[in-house]
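Summary of structural features
For reference, the chains in residue letters:
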Amino acid sequence: MPGAEEPAGRAALQRRRVVDFALRRRGVLAELQAGGLSLREVCDADMYLQRAAGFHGETTETVCPVCRKENLTEVSWVFGDDLGSSSGSARSDEEIAQLALTHDQFTVHVVEVCRSCSWNHLVLSYEVGLPEGTGRRTRRAARELRHRP
Ligand SMILES: [Zn+2]
């Protein structure tokens, strides 16, 4: 099992192509305040997103900017060819670290959700994972290591 201590592991966990959507988020909130957007348009987290927030979300220190009733929850979604059926699913930070150590680079979208009013917005995207084409080899090596008597 490749550990985070190995150089390859560290590189896999290193966040790349990080995009912060704070500016766009502020724009949406300003437009909402100005009346250019309705609550219904921005507080539209569906049941799937709400459920993911409940199971895989990490509670933040940030109070919901819309209803101010509770702290926001951040949900991370993973997308990548090498992830197979896991692509498009919500994952905890721990699971993302495990996936990053055993799969080709993939994209993570972090979405903040208010479980009270359903406000939601993309806050961050980044890439983690192994160099393209090495995930399958790494997984096979890990399997062989486990099956060795
Ligand atoms: Zn809210």
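Being a predicted model, the structure only gives us computed values, none of them experimental.

Counting across every chain of the model gives one aromatic pair. Where Tyr48 meets Trp77, the ring centres are 5.7 Å apart and the plane angle is 40°; that geometry is what we call tilted. Here the residue Tyr48 occupies a position in helix 4 (residues 47-56), and Trp77 occupies one in strand 3 (residues 71-79), the gap between them amounting to 29 residues. The exposed category is assigned to Tyr48, whose relative accessible area is 54%. Taking the relative accessible area as the measure of exposure, Trp77 reaches 10% and is therefore buried.

Our focus in this paragraph is a positive patch on the surface. Together, Arg136, Arg137, Arg140, Arg143 and Arg146 make up a region of like positive charge exposed at the surface. Here Arg137 is to be found in helix 6 (residues 135-147).

With that out of the way, let us pick up the nonpolar core. Of all hydrophobic cores here, the largest spans twelve residues; its members are Val78, Leu83, Ile96, Leu99, Ala100, Phe106, Val108, Val110, Val123, Leu124, Tyr126 and Val128. Those elements that place two or more of their residues in this core are helix 5 (93-102), strand 5 (106-113) and strand 6 (120-128). Examining the composition of this core, we find that four residues originate from one element, strand 6, more than from any other. Other than its neighbours up to four places away in sequence, Leu124 contacts Arg15, Val18, Val19, Asp20, Phe21, Val108, His109 and Val110. Leu37, Cys43, Cys64 and Trp119 belong to the second-largest nonpolar core, a separate cluster that totals ten residues.

Basis of the calculations
Residues numbered from 1 in each chain as written. Predicted model: local features only at pLDDT ≥ 70, side-chain atom pairs only at ≥ 80, totals over all residues. Heavy atoms only, no water. Phe/Tyr/Trp six-rings, centres within 6.5 Å; stacked < 30°, edge-to-face > 60°. Helix = DSSP H or I, 4+ residues; strand = E, 2+ residues; numbered from the N terminus. Buried < 20%, exposed > 50% of the residue type's maximum accessible area, 1.4 Å probe, protein only. Patch = residues over 30% accessible without salt bridge, like charges linked within 9 Å, V, L, I, M, F, W, Y side chains within 5 Å. Areas by Shrake-Rupley, 256 points an atom, 1.4 Å probe, with all protein chains shown as cover. Salt bridge = Lys/Arg side-chain N within 4 Å of Asp/Glu carboxyl O. Lys, Arg positive; Asp, Glu negative; His and termini not counted. Charge placed at Lys NZ, Arg CZ, Asp CG, Glu CD. Core = buried A, V, L, I, M, F, W, Y, C linked by side-chain atoms within 4.5 Å. Contact = heavy atoms within 4.5 Å.

Nothing here speaks to function; it is geometry throughout.
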